[in-house]
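Report on the structure
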Amino acid sequence: MFKEFDDFTFKDLFDSKPKYKKLKLKEGDRRQVTVLFADLSGFTALSETLDSEEVQTITDEILTIFTKCIEHFGGNIDKYEGDLVMAHFGAIKASERDTERAISAGLIMLEQLEKFNLK
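All values reported here derive from a predicted model rather than from experimental measurement.

Details of helix α3 (residues 98-118)
Taking 1.5 Å per residue as the helical rise, α3 with its 21 residues ought to reach 30 Å, and the 31 Å between its terminal C-alpha atoms agrees with that figure. Of the positions making up α3, those classed as buried are Asp 98, Arg 101, Ala 102, Ala 105, Gly 106, Ile 108, Met 109, Gln 112 and Phe 116. Against the buried residues of α3 lie β1 (34-39), α2 (52-72) and β3 (84-89).

Points about the sheet that holds β1
Think of a sheet as strands paired side by side through backbone hydrogen bonds, with each pair either parallel or antiparallel. Judged by pairing direction, the sheet is antiparallel, and its three strands sit side by side in the order β1-β3-β2 without closing on themselves. On the outer flanks of this sheet lie β1 and β2 (76-81), each paired with one strand and no other. The mean angle between the axes of side-by-side strands here comes to 15°, regardless of whether they run parallel or antiparallel. As paired strands, β2 and β3 are joined by five bridges and run antiparallel to one another.

Side note on the confidence of the model for the protein
When pLDDT is averaged across the protein, the result is 82; 78% of the residues are at 70 or more. Taken as a whole, residues 1-5 scores under 50 in pLDDT and shows eight contacts with residues more than four places along the chain or in a different chain.

As for the nonpolar core
By size, the foremost hydrophobic cluster in this structure holds 19 residues, and its most contacted members are Leu 36, Ile 62, Phe 66, Ile 70, Val 85, Phe 89 and Met 109. Sorting the residues of this core by element identifies β1, α2, β3 and α3 as the ones contributing at least two each. The leading source of residues in this core is α2, at seven residues. In contact with Leu 36, other than residues within four places in its own chain, are Ile 70, Val 85, Met 86, Ala 87, Phe 89, Ala 102, Ala 105, Gly 106 and Met 109.

Structural notes on the pairing of β3
The element β3 is largely enclosed, with a buried count of six among its six residues. What you see with β3 is no split at all: Leu 84, Met 86 and His 88 on one side and Val 85, Ala 87 and Phe 89 on the other are buried throughout. Sheet topology places β1 next to β3; six bridges connect them, and they run antiparallel. If you follow Leu 36 over to β3, its bridge partner there is Ala 87. Remark: two residues form the turn of the hairpin made by β2 and β3, two consecutive strands paired antiparallel; Gly 82 in that turn has positive phi of roughly 60°.

Examining α2
Taking 1.5 Å per residue, 21 residues should reach 30 Å; α2 reaches 30 Å between its end C-alpha atoms and fits that length. Every buried residue of α2 is listed here: Val 55, Ile 58, Thr 59, Ile 62, Leu 63, Ile 65, Phe 66, Thr 67, Cys 69, Ile 70 and His 72. Tucked inside the fold, the buried residues of α2 contact β1, α1 (43-49), β2, β3 and α3. Gly 74 occupies a position one or two residues after α2 and carries a positive phi of about 85°.

Definitions and cut-offs
- Residues numbered from 1 in each chain as written.
- Predicted model: local features only at pLDDT ≥ 70, side-chain atom pairs only at ≥ 80, totals over all residues.
- Heavy atoms only, no water.
- Helix = DSSP H or I, 4+ residues; strand = E, 2+ residues; numbered from the N terminus.
- Expected span 1.5 Å × (residues − 1).
- Buried < 20%, exposed > 50% of the residue type's maximum accessible area, 1.4 Å probe, protein only.
- Contact = heavy atoms within 4.5 Å.
- Pairing = 2+ DSSP bridges.
- Axes fitted to C-alpha atoms, helices over the stretch in contact; angles between N-to-C directions.
- pLDDT = per-residue confidence, 0-100.
- Core = buried A, V, L, I, M, F, W, Y, C linked by side-chain atoms within 4.5 Å.

Spelled out as structure tokens, the structure:
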């Protein structure tokens, strides 16, 4: 049923690594961090209508897409909880563009989710 998702790749979108100027901070320095949360809308309703294995497959596919988007823009995954992913930008390597990168990741995540929903 989900074989069509095997061809869902990011070769065009993620071919090159972004080149951001990173600020190097000393250990113990305080910094601002941008946090990105993504939670699947309608997850509970979906869980009630599909088999649990199908729900898990769909969730894994979407969270994999989200993870690639986050990592492409230099974010770090903090945790996964069910259908939620939490990422931070600027906690490990700070940049003056952390907020911009988080927003860019979120926008690409929405684009990729729309393509996923069309499959």
